[in-house]
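Coordinates in review
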Amino acid sequence: MTEASAEPVADVGVIGGSGLYELLPDVVEHVVDTPYGPPSDPVMVGAVPGGRRVAFVPRHGRDHRFPPHRIPYRANLWALRSLGVRQVLAPCAVGSLRPEFGAGTFVLPDQLVDRTSGRVQTYYDQGAVHVSFADPYCPVGRERVAGVAAAAGTDVVDGGTMVVVEGPRFSTRAESRWFAAQGWSVVNMTGHPEAVLARELGLCYTPIALVTDLDAGIEVGAGVNQDEVFAVFAANTERMRTLLLSAAAALPAEPSCGCAESYQEAGVTLP
Ligand SMILES: [Zn+2]
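The following refers to the structure shown. (Residues numbered from 1 in each chain as written. Predicted model: local features only at pLDDT ≥ 70, side-chain atom pairs only at ≥ 80, totals over all residues. Heavy atoms only, no water.)

Let's shift gears to the coordination of the zinc ion. Distances from the zinc ion to its protein donors, namely C138 (SG), C204 (SG), C257 (SG) and C259 (SG), fall within the range 2.2 to 2.3 Å. Coordination at the zinc ion is tetrahedral: its 4 donor atoms span angles of 95 to 114° at the metal. Written as a sequence motif, the donor residues of the zinc ion are C-x65-C-x52-C-x1-C. A residue pair is termed long-range when its members are at least 10 positions apart, and C204 in strand β11 (residues 204-214) and C259 in helix α7 (residues 259-265) qualify at 55 residues. For the pair C204 and C259, one class covers both residues: buried. (Donors = N, O, S within 2.8 Å, 3.2 Å for Na, K, Ca; no water. Tetrahedral: all angles 85-135°; square planar, octahedral: opposite > 155°, others 65-115°. Helix = DSSP H or I, 4+ residues; strand = E, 2+ residues; numbered from the N terminus. Buried < 20%, exposed > 50% of the residue type's maximum accessible area, 1.4 Å probe, protein only.)

One finds V43, L77, L80 and V88 to be the most contacted residues of the largest nonpolar core, which totals 38 residues. Going through the elements one at a time, β3 (43-47), β4 (53-58), α1 (73-82), β5 (87-96), β9 (161-165), α4 (191-200) and β11 are the ones with two or more residues in this core. Among the elements that take part in this core, α1 stands out by supplying 5 residues, more than any other. (Core = buried A, V, L, I, M, F, W, Y, C linked by side-chain atoms within 4.5 Å.)

Before going further, it helps to examine helix α5 (residues 226-235). Regarding α5, the residues found buried are V229, V232 and F233. One face of α5 carries all of its buried residues, which in axial projection span an arc of 100°. Residues of α5 that are exposed and point over 90 degrees away from its buried face: D227, A234 and A235. Contacts made by the buried residues of α5 are with β5, β11 and α6 (237-250). (Arc of directions from axis to C-beta. Contact = heavy atoms within 4.5 Å.)

Residues other than glycine predominantly adopt negative phi, and peptide bonds predominantly adopt the trans conformation. The amide bond that connects G167 to the next residue, P168, takes the cis arrangement and shows omega of 0°. If you trace the backbone, P168 turns up in the loop between β9 and α3 (173-181). A cis geometry characterises the amide bond from H192 onward to P193, with omega recorded as 15°. Note that P193 resides in helix α4. Even without being glycine, H64 reaches a positive phi, approximately 55°. On the accessibility criterion, H64 (25% relative accessible area) is partly exposed.

So, about the layout of surface pockets. Where empty space is left can be seen by rolling a probe of water-molecule size over the atoms. By volume, the largest pocket is sized at about 470 Å³. The element contributing the most residues to the lining of the largest pocket is β5, with 4 residues. Split by residue class, the lining of the largest pocket holds 12 nonpolar, 10 polar and 3 charged. (1 Å grid on protein atoms, 1.4 Å probe; cavity = no way out; pocket = protein on both sides within 12 Å on 5 of 7 lines; lining within 4 Å. Points joined across faces, edges and corners; volume = space filled by probe spheres on them. Nonpolar A, V, L, I, M, F, W, Y, C, P; charged D, E, K, R; others polar.)

Here we take up the pattern of salt bridges. Scanning the entire structure with this criterion turns up 10 salt bridges. A salt bridge links R59 to E194; the nearest nitrogen and oxygen atoms lie 2.8 Å apart. Note that R59 is positioned in the loop between β4 and α1 and E194 in helix α4, a separation of 135 residues in sequence. Between E143 and R144 there is a salt bridge whose closest N-O contact spans 4.0 Å. Under the relative-accessibility criterion, R144 is labelled partly exposed at 29%. (Salt bridge = Lys/Arg side-chain N within 4 Å of Asp/Glu carboxyl O.)

What follows concerns the environment of A231. Relative to the assigned elements, A231 resides in helix α5. Given a relative accessible area of 47%, A231 falls into the partly exposed group.

So this is what it looks like as structure tokens:
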């Protein structure tokens, strides 16, 4: 078991999504073990312009060996926290449920719907621990990411609901139409339980979704396929990296949000 470091190694965490396996050029690799096993990969820590230290872990592993339902979510977040991280940026690939959000669109969701099944979604298997999750994402993180995007002239959709499906298959047309009919914006396979585990650890968590495709129900044609998703993500990796680095630098030194409070109120103590 890795105890939380007395001296923080990093301030901000980034959990890289499909196609984003490296973030910074000069990094120190930290091999971290956790009570939940090792994270997806060793955590790479480097500094962004301005000096803030960022810990990066590729969600699927750098060789993409973990599919969405097999990602060690608990270990990834625990590892980041044990290095001192208190704010997490979470880029991810999503399918769009709205024709107006085409491939390459950045979306900053403010709500989540969980349609996964069978995933471990808590650190607490005993006692009554119920964290507040009405607002699943850090409002300050979203505001800061939207701010740096606007300053850089990068269009982002500020707000929206991300529905997370179990996968690894893509949605049927009927599922996709149903999601869209609920008014939800984008669909993804990794946003849960990542967000709720972050909340249980008192971490600020801000997803940055990149639309890679129109989901099956709103696309005219064959429907989404994997090559299309990876190709769009690869084409937008530099845009995502630029946004992440400026966002990491722009996050507040002391968050003024309630992300850490809600877990304290729930009586959570770190295991
Ligand atoms: Zn927060």
